[in-house]
Amino acid sequence: MGFMDKLKNKFKQNDEEEISTKYKEGMTKTRNSFSGKINDLIARYRKVDEDFFEELEEVLITADVGVMTVMDLIEELKMEVKRRNIKDTKEVKDVISEKLVEIYYGDDEASVEELNIQDNELTIMLVVGVNGVGKTTSIGKLAHQLKSDGKKVVLAAGDTFRAGAIEQLEVWGERAGVDVIKQKAGSDPAAVIFDGIKAAKTRGADVLICDTAGRLQNKVNLMNELAKVKRVIEREVPNAPHEVLLVLDATTGQNAMSQAKTFLEATNVTGIVLTKLDGTAKGGIVLAIRNELRIPVKYVGLGEKITDLQKFNAQAFVFGLFADMLEDDTDY
């Protein structure tokens, strides 16, 4: 049984079907671009040769998989094709899907996608990202999800400089049914986070999610601010923050990569929340982020609804990329 057959069977299971449907629907734009071009390529080439690989390389780069990642992937594919003695281009689909999953995980286990939630003590999450990427929205959706999982959640409105940021977080707090700790606009973010920690402890919360400012215009100020916030958290709760989640907008493609590099200089990012994956044809950015920055994507935005922030699943992602091919039973 080939890898694509295994994926197809896996996501036919009842408990997996809902996940696969969300990825399939949310990745329509990327899939139409990506698998459409791969199908076209396979139809035009009868045999697997150097020209085929060159065109495949181009398809992957235009899906924003990232040049370094594409080079790694093509190298792996060539070796595997030689090892399995594959001559027919149709058989390459299976190897591509398998290698995409392998490249995502690298030497890590699938648990790399899980949030680092502490047992029987307060978990603190710091959420960072530039303005306009969907940071506050992601916090609200994540709070809703954690509350649905039975966690008591508190939010801290640490983005005190952007006009309307505190009010926006309050609206999401109401939607998710969680408390929001705030001070007036322009307050010291570290002081707000300090209040948030005190309130979370007093109220017996399981998780505190801290919003932060996202001004990249003055990188030095941003870095100093994040460092100060982190020091306050570490002082109050040893080994915290337990997660530093960087929110990136998938529609910005390679620009998201440069934002990620800036935040990596400022703080120890532990995971990515990739928003608006449903709005882009360049979903390959997921693989570029993981392979080039060595940071796991922990959540992806696959729609507007409060329930559309999905835990990332590399196999479901690859299923979303190839769903049309998988449903074509004449090939599989």
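Residues numbered from 1 in each chain as written. Predicted model: local features only at pLDDT ≥ 70, side-chain atom pairs only at ≥ 80, totals over all residues. Heavy atoms only, no water.

**Remarks on the packing of aromatic side chains**
Next up, step 1: The final tally for this structure, using the stated rule, is seven aromatic pairs.
Next up, step 2: Ring centres of Tyr23 and Phe312 lie 6.4 Å apart, and the angle between their planes is 65°; this geometry places the pair in the edge-to-face category. Placement of the pair is Tyr23 in helix H2 (residues 14–26) and Phe312 in the loop between strand S8 (309–311) and helix H13 (314–327), with a sequence separation of 289 residues.
Next up, step 3: Given the relative accessible area of 2%, Phe312 is considered buried.
Next up, step 4: Arranged with centres 5.8 Å apart and planes meeting at 70°, the rings of Phe52 and Phe53 form a pair that is edge-to-face.
Next up, step 5: Given the relative accessible area of 1%, Phe52 is considered buried.
Next up, step 6: Here the aromatic residues Tyr23, Tyr104, Tyr105, Phe312 and Phe317 are joined through ring pairs into a cluster of three or more.
Next up, step 7: One Lys or Arg, Arg175, reaches over the ring of Trp172 and ends 4.3 Å from the middle of that ring.
Next up, step 8: Stacked on the ring of Tyr104, the Lys or Arg Arg290 has its end atom at 5.4 Å from the ring centre. (Phe/Tyr/Trp six-rings, centres within 6.5 Å; stacked < 30°, edge-to-face > 60°. Helix = DSSP H or I, 4+ residues; strand = E, 2+ residues; numbered from the N terminus. Buried < 20%, exposed > 50% of the residue type's maximum accessible area, 1.4 Å probe, protein only. Lys NZ or Arg CZ within 6 Å of the ring centre and 35° of its normal.)

**A few points about helix H7 (residues 135–148)**
Next up, step 1: With 14 residues, H7 extends 20 Å from end C-alpha to end C-alpha; this agrees with the ideal 20 Å at 1.5 Å per step.
Next up, step 2: Counting buried residues in H7 gives 10 out of 14 residues, a clear majority hidden from the surface.
Next up, step 3: Those residues of H7 not exposed but buried are Lys135, Thr136, Ser138, Ile139, Gly140, Lys141, Leu142, Ala143, Gln145 and Leu146.
Next up, step 4: Gly150 lies just past H7 and shows a positive phi near 95°. (Expected span 1.5 Å × (residues − 1).)

Any functional reading would require information beyond the geometric quantities listed.
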